[in-house]
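# Observations on the model geometry
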Amino acid sequence: MGAFERCPELTSITIPSSVTTIGQAVLQYCPKLTSITIPSTVTTLGQWVFYQDVSLNTVIFEPECQITTISGSVFEGCTSLSNIDIPSSVTSIGNSAFSESGLTSITIPASVIDICGNAFYQNTSLTTVTFEADSSLNSIGYSAFQSCNALSEITFTSSTIPSTISNNTFPP
């Protein structure tokens, strides 16, 4: 069980700059948490950190962020999260990292090498996906953008097309 898991009245939390790891499930199921600022000292976000935090609408990564992986299910079910700026330090987006969230558009930084399966699955409000130019993107996993039924624009450049795009990656 996470340290602040299932705190039904928690609306905000300040993470001190001495923190380097936000562990697995630490803030999951906090239905009134609305915003979080991730200090630049944090290098690891464990799985399910903000899982099902339905009111979370603002996530700010401080400049000089060192996070390399958005772990599995970190923002899954964050239905109020309509926008997020993924730090340029991120190289991997984990399984179901943003599944069933409220994202309306997303820009994948050039630093991202792998997008794992179901990463953005069932984002019913997601309309636009942009892959930055000069991308390091190697693969997009199974069903990564599946059931994103509002998705109307996907922007690749010739330098961003990955070598592997798995089955059912995008909606039909």
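The coordinates are above.
What you see is a predicted model; the values in this text were computed from it and never measured.

Scoring rules and cut-offs
Residues numbered from 1 in each chain as written. Predicted model: local features only at pLDDT ≥ 70, side-chain atom pairs only at ≥ 80, totals over all residues. Heavy atoms only, no water. Helix = DSSP H or I, 4+ residues; strand = E, 2+ residues; numbered from the N terminus. Rg over C-alpha atoms; globule rule 2.2 N^0.38 Å. Pairing = 2+ DSSP bridges. Axes fitted to C-alpha atoms, helices over the stretch in contact; angles between N-to-C directions. Core = buried A, V, L, I, M, F, W, Y, C linked by side-chain atoms within 4.5 Å. Buried < 20%, exposed > 50% of the residue type's maximum accessible area, 1.4 Å probe, protein only. Contact = heavy atoms within 4.5 Å. Phe/Tyr/Trp six-rings, centres within 6.5 Å; stacked < 30°, edge-to-face > 60°. Salt bridge = Lys/Arg side-chain N within 4 Å of Asp/Glu carboxyl O.

## Remarks on the overall build of the chain
- A tally of regular secondary structure across the chain gives zero helices and 12 strands.
- Put simply, the chain runs from its N terminus to its C terminus through helices and strands in the order β-β-β-β-β-β-β-β-β-β-β-β.
- Against the globule reference of 16 Å for 172 residues, the chain gives a C-alpha radius of gyration of 15 Å, in line with a compact fold.
- Expressed along its principal axes, the backbone C-alpha trace of the chain runs to roughly 45 × 30 × 20 Å.

## Side note on the sheet that holds strand 9 (residues 128–131)
- Taken in spatial order, the three strands make up an open sheet running 7-9-11, and their pairing is parallel. At either margin of the open sheet sits one strand with a lone partner, and together these are strand 7 (105–108) and strand 11 (153–155). Between one strand and the next, the sheet's axes are offset by a mean angle of 5 degrees, whatever the strand orientation.
- In terms of strand pairing, strand 9 meets strand 11 through three bridges, oriented parallel. When the bridges of strand 11 are listed, V129 appears paired with I154.

## Side note on unusual backbone geometry
- At W48, a residue that is not glycine, the phi angle is positive and equals roughly 60 degrees.
- At E64, a position not held by glycine, the phi torsion is positive, near 70 degrees.

## Comments concerning the nonpolar core
- Counting 45 residues, the largest nonpolar core has F50, F75, I93 and I115 as its most contacted members.
- Among the elements of the structure, strand 2 (35–38), strand 4 (58–61), strand 7 and strand 9 are those that each provide at least two residues to this core.
- With residues near it in sequence (within four places) discarded, I93 still touches I70, I86, F98, I108, V112, D114, I115, C116, A119 and F120.

## As for the packing of aromatic side chains
- Under the definition given, this model contains seven aromatic pairs.
- Residues F75 and F98 carry aromatic rings whose centres are separated by 5.3 Å and whose planes lie at 10 degrees to one another, so their mutual orientation is stacked. Here F75, found in the loop between strand 5 (69–70) and strand 6 (92–93), pairs with F98, found in the loop between strand 6 and strand 7; they are 23 residues apart in sequence, far enough to count as distant.
- Residue class for F75 comes out buried when judged on its relative accessible area of 0%.
- Between F145 and F170 the ring centres are 5.3 Å apart and the planes differ by 10 degrees, which places this aromatic pair in the stacked class.

## What to know about the pattern of salt bridges
- Scanning the model with the defined rule gives two salt bridges in all.
- The closest approach of N and O atoms between E5 and R6, which form a salt bridge, is 3.5 Å.
- With its nearest N and O atoms 2.8 Å apart, the salt bridge here joins K32 to E9. Of this pair, K32 sits in the loop between strand 1 (21–22) and strand 2 while E9 sits in the segment before strand 1, and the two are 23 residues apart along the sequence.
- For E9, a relative accessible area of 58% gives the class exposed.

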